[in-house]
Amino acid sequence: MKIKIAWVSIICFFLSINFSYAQGRRVLQIKGSDTMVNLVQAWAEEFMKKNPSASIAVTGGGSGVGIASLINKTCDIAESSRKMKLKEIELAKSKGVEPKEFIVGYDGLAVVVHPSNPVDKLTFSQLSDIFTGKIKNWKELGGRGAKIVLLSREVNSGTHIFFKEQVLRRGDEKSKAEFAPAALLIPSSQAIADEIAQNPQAIGYYGIGYVSEKQKAVAVARDDESPYVKPTLETVMDKSYAIWRPLFFYTDGQPTGLIKEFIDFVLSDDGQKIVKELDFVPLRIIE
Amino acid sequence: MNPKRRQKIVFSLLFISSLLVITPIFLIFFFIFKEGIKVISWEFLTTSPARMGGGGVFPAIVGTLYLTLGTVLISVPLGVLAGIYLSEYAKENLLTRLVKLAIINLAGVPSIVYGLFGLGLFVIFLRFGASLLSGCFTLSIMVLPIVITATKEALNNVPQSFREVSLSLGATKWQTIRYCVLPYAFGGILTGVILSIGRASGETAPILFTAAAFYLPHLPRSIFDQVMALPYHLYVVATQVPGVERRVSYGICLVLVVLVILIDLIALITRYQIRKKKLW
């Protein structure tokens, strides 16, 4: 008997939690890029502080996952750290989804090594040779005689694709350059950062927001004549640093209602301040 | 070597082996507790996360409770009914053998496969979306073999004579099962439920695509809402978010472990109460 009462009260407790929250609020689903997920979380948090009635769910998984769920209509906004491919846009249209693109911020990609590594500047062609596996030893770059350990994000990542297209292939669409098979594919930027911090032979790449004093970002030059530039907020903003990319939101058609309110907030000065706080690069300078 | 000495060596070997089994458990609890207790506070338990890694874990606690409860609500009736059928009614034929084979195979499927299956069937095909409902169904399929197997075992452990006596007094087969077999198998069935609770509340992979949100500070309001869940929250805090202190991860871990123990405790007490009433 006692047990029955206990069970009934447990169930009642759950139901009451649910009913007490049962107001007609709509949940905004945002899905996609793991790079942007912390940024979008911060936006969502601030936005909900201002609009207590709004409810926003943020999920990661990778840019590819976000775009796929926009096409499947399982999210309202897809966050993506790369542009939608033509193929994906066609697929979306065939399913009745009209992707609309917003640039919500920029991200500088830093190439990162262990702080004890003497190598501190590299050109695009050196980077391409390193990550495609042509240069295998740090000695060839003026470093210690040790094997280079390549760290990359996995293929579903927008960061991976962007780095391949812009650095490995140097923007050449016909190029077939691929990451060396020896490159370790790692599921998150933070995991690459952790690995770099303990491995003096490793080299990896990720958004400048993940760089701390436990890693060293190398200065990068577009070609032999260009100057070597360190990745910082300022150098990405004035475009003197070469590896940067826009961060996108995609919606199905022109956004309305809560989706529009959220995007307006993201693009506002308040929203862009948060971009800077999280070490991404805002669209414009905000005092 | 004399037999006595050999005996001693064998005994100590056996003893050391069993000691090795408890060592990891002890160490896990020790470290989780030692590191995790530092971040546990009333605020940590009752507020929403703020700037990932900060704030509390309240929505994740509630999300995990809902997922576990929903999973039990779906899988236990289904699993118990299937277990009763397999143990009491099923004839030894091709179909039964197929069902048994399916159960064994289901138990061996890696959890990420359930996650993808749930994504395909519940989220996309049945249009439940990433939601509590999809997550509960996916987890239910995962724990179903545990419940079925436990039910079967429990029913098999009820002495055959119980059934014979009941049938000889003119009771129907269903009456026999309902009044003379099931009450005595209840404890064993609950063991299966306890195991499935542990599994359902701790898994990340099945809910990764079907239910879990990276960040959702509000509690779910319908079964079609996404939820935060402790295992997934732990995963993202430990791997995706820069600059989170290690002890926050341990704190989440501790909350998860304590939560599972508490849920199990309810089931354990229920089982104890029922066993007390047992007449043999």
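Residues numbered from 1 in each chain as written. Chains lettered and ligands numbered in written order. Predicted model: local features only at pLDDT ≥ 70, side-chain atom pairs only at ≥ 80, totals over all residues.

### Structural notes on the overall build of chain A
Step number 1: The number of helices and strands found in chain A is 10 helices and 11 strands.
Step number 2: Along the longest, intermediate and shortest principal axes, the C-alpha atoms of chain A span 75 × 50 × 45 Å.
Step number 3: Across the 287 residues in chain A, those meeting the buried criterion constitute 43%.
Step number 4: Excluding contacts between residues fewer than 6 apart, the proportion of contacts in chain A whose partners are at least 24 apart in sequence is 71%. (Helix = DSSP H or I, 4+ residues; strand = E, 2+ residues; numbered from the N terminus. Buried ≥ 20, exposed ≤ 12 C-beta atoms within 10 Å, placed from the backbone. Contact = placed C-beta atoms within 7 Å.)

### Points about the domain arrangement of chain A
Accessible area lost on assembly of the parts is the figure often given for the size of an interface.
All names here are of chain A.
Step number 1: In terms of domains, chain A is made up of domain 1 (2-106 + 246-277) and domain 2 (107-244).
Step number 2: Between the C-alpha centres of domain 1 and domain 2 the distance comes to 30 Å.
Step number 3: Counting residues at the interface gives 12 residues for domain 1 and 12 residues for domain 2.
Step number 4: A total of 3 residues in the side of domain 1 that touches domain 2 trace back to one element, the largest contributor, which is helix 3 (residues 63-71).
Step number 5: Partitioning the side of domain 1 that touches domain 2 into residue classes produces 3 nonpolar, 7 polar and 2 charged. (Domains from an automatic or database assignment. Nonpolar A, V, L, I, M, F, W, Y, C, P; charged D, E, K, R; others polar.)

### A few points about the environment of Phe31(B)
Residue and element names in this part refer to chain B.
Step number 1: Checked against the element boundaries, Phe31 lands in helix 1 (residues 3-36).
Step number 2: Its 13 C-beta neighbours within 10 Å are what place Phe31 among the partly exposed residues.
Step number 3: A sequence separation of 241 residues divides Phe31 from Tyr272, and the C-alpha atoms of the two residues are 31 Å apart.

### Describing the nonpolar core
Step number 1: One finds Val58(A), Val111(A), Leu67(B), Val227(B) and Ala229(B) to be the most contacted residues of the largest nonpolar core, which totals 145 residues.
Step number 2: Sort the elements by how many residues they give to this core and helix 6 (residues 132-156) of chain B lands first, with 15 residues.
Step number 3: Three or more residues apiece are contributed to this core by two domains, here domain 1 (2-106 + 246-277) and domain 2 (107-244) of chain A.
Step number 4: Every residue in contact with Val111(A), bar those within four places of it in the chain, is listed here: Leu122(A), Leu127(A), Ile203(A), Tyr205(A), Ala217(A), Val218(A) and Val220(A). (Core = buried A, V, L, I, M, F, W, Y, C linked by C-beta atoms within 7 Å.)

### Structural notes on the interface of chain B and chain A
Step number 1: Each side of the interface is counted separately: chain B has 27 residues, and chain A has 31 residues.
Step number 2: Contributions of two or more residues to the side of chain B that touches chain A are made by helix 3 (58-89), helix 5 (111-125), helix 10 (230-239) and helix 11 (246-277) of chain B.
Step number 3: Looking at the side of chain B that touches chain A residue by residue, the classes come out as 16 nonpolar, 8 polar and 3 charged.

### Some points on helix 6 of chain B
Residue and element names in this part refer to chain B.
Step number 1: Taking 1.5 Å per residue as the helical rise, helix 6 with its 25 residues ought to reach 36 Å, and the 35 Å between its terminal C-alpha atoms agrees with that figure.
Step number 2: Taking the largest bend as the criterion, helix 6 deviates by roughly 45°, centred on Val143, and proline Pro145 comes between one and four positions later.
Step number 3: Taken across its 25 residues, helix 6 has 22 buried, putting it largely inside the fold. (Expected span 1.5 Å × (residues − 1). Bend = angle between axes of the 7 residues up to and from the residue.)

### Digging into unusual backbone geometry
Step number 1: Phi at Asp279(A) is positive, roughly 65°, even though this residue is not glycine.
Step number 2: Mapped onto the elements of the fold, Asp279(A) is located in the segment after helix 10 (269-277).
Step number 3: Using a count of 18 C-beta atoms within 10 Å as the deciding quantity, one classes Asp279(A) as partly exposed.
Step number 4: In the Ramachandran plot, Arg127(B) falls in the positive-phi region, its phi being about 60° despite a non-glycine side chain.

### Focus: helix 8 (residues 173-202) of chain B
All names here are of chain B.
Step number 1: Maximum bend of helix 8: about 55°, positioned at Leu182, with proline Pro183 one to four residues after it.
Step number 2: Those residues of helix 8 not exposed but buried are Ile177, Val181, Ala185, Ile189, Leu190, Gly192, Val193, Ile194, Ser196, Ile197, Ala200 and Ser201.
Step number 3: In the core, the buried residues of helix 8 are packed alongside helix 3, helix 6, helix 7 (160-168) and helix 11.

### A look at the pairing of strand 2 (residues 55-59) of chain A
Residue and element names in this part refer to chain A.
Step number 1: Counting buried residues along strand 2, 5 of its 5 residues qualify, which places the element largely inside the surrounding structure.
Step number 2: Here strand 2 shows two buried faces, one formed by Ser55, Ala57 and Thr59 and the other by Ile56 and Val58.
Step number 3: Looking at chain direction, strand 1 (residues 27-32) and strand 2 are connected through 5 bridges and run parallel. From the neighbouring strand, Gln29 faces strand 2, where its bridge partner is Ala57. (Pairing = 2+ DSSP bridges.)

### Description of the environment of Asp129(A)
All names here are of chain A.
Step number 1: Tracing the backbone through its elements, the reader meets Asp129 in helix 5 (residues 124-132).
Step number 2: By the C-beta count within 10 Å, which is 19 here, Asp129 ends up partly exposed.
Step number 3: Considering only alpha carbons, one finds Asp129 and Phe179, 50 residues apart in sequence, at a separation of 9.6 Å.
Step number 4: Look past the residues within four positions of Asp129 in its chain and what remains in contact with it is Lys134 and Ile135.

### Quick word on the pairing of strand 8 (residues 202-207) of chain A
Remember that side chains alternate between the two faces of the sheet whenever the strand is regular.
Residues and elements named next belong to chain A.
Step number 1: Burial within strand 8 is extensive, with 6 of its 6 residues counted as buried.
Step number 2: Bridge analysis of strand 4 (residues 99-113) against strand 8 gives 5 bridges, and the strand direction is antiparallel. By the bridge assignment for strand 8, Val111 is matched with Tyr205.
Step number 3: Two strands pair when backbone bridges link them, and strand 6 (residues 149-153) and strand 8 are joined in this way by 2 bridges, in the parallel orientation. For Val149, the partnering residue across the bridge sits in strand 8 and is Ala202.

### What to know about the packing of helix 6 of chain B against helix 8 of chain B
Residue and element names in this part refer to chain B.
Step number 1: The geometry of helix 6 relative to helix 8 is characterised by a closest axis approach of 8 Å and an angle of 150° between their N-to-C directions. As judged from the angle between their axes, helix 6 and helix 8 are roughly antiparallel. Regarding helix 6 and helix 8, the two cross each other, and that crossing is right-handed. Residue-level inspection shows Leu139, Met142, Val143, Ile146, Val147, Thr149, Ala150, Thr151, Glu153, Ala154 and Leu155 of helix 6 in contact with helix 8, the latter providing Val181, Ala185, Gly188, Ile189, Thr191, Gly192, Val193, Leu195, Ser196, Arg199 and Ala200.
Step number 2: Here the contact of helix 6 with helix 8 is composed, by residue class, of 14 nonpolar, 6 polar and 2 charged. (Axes fitted to C-alpha atoms, helices over the stretch in contact; angles between N-to-C directions. Parallel < 35°, antiparallel > 145°, perpendicular 65-115°, else oblique. Left-handed = near helix turned anticlockwise from the far one by under 90°.)

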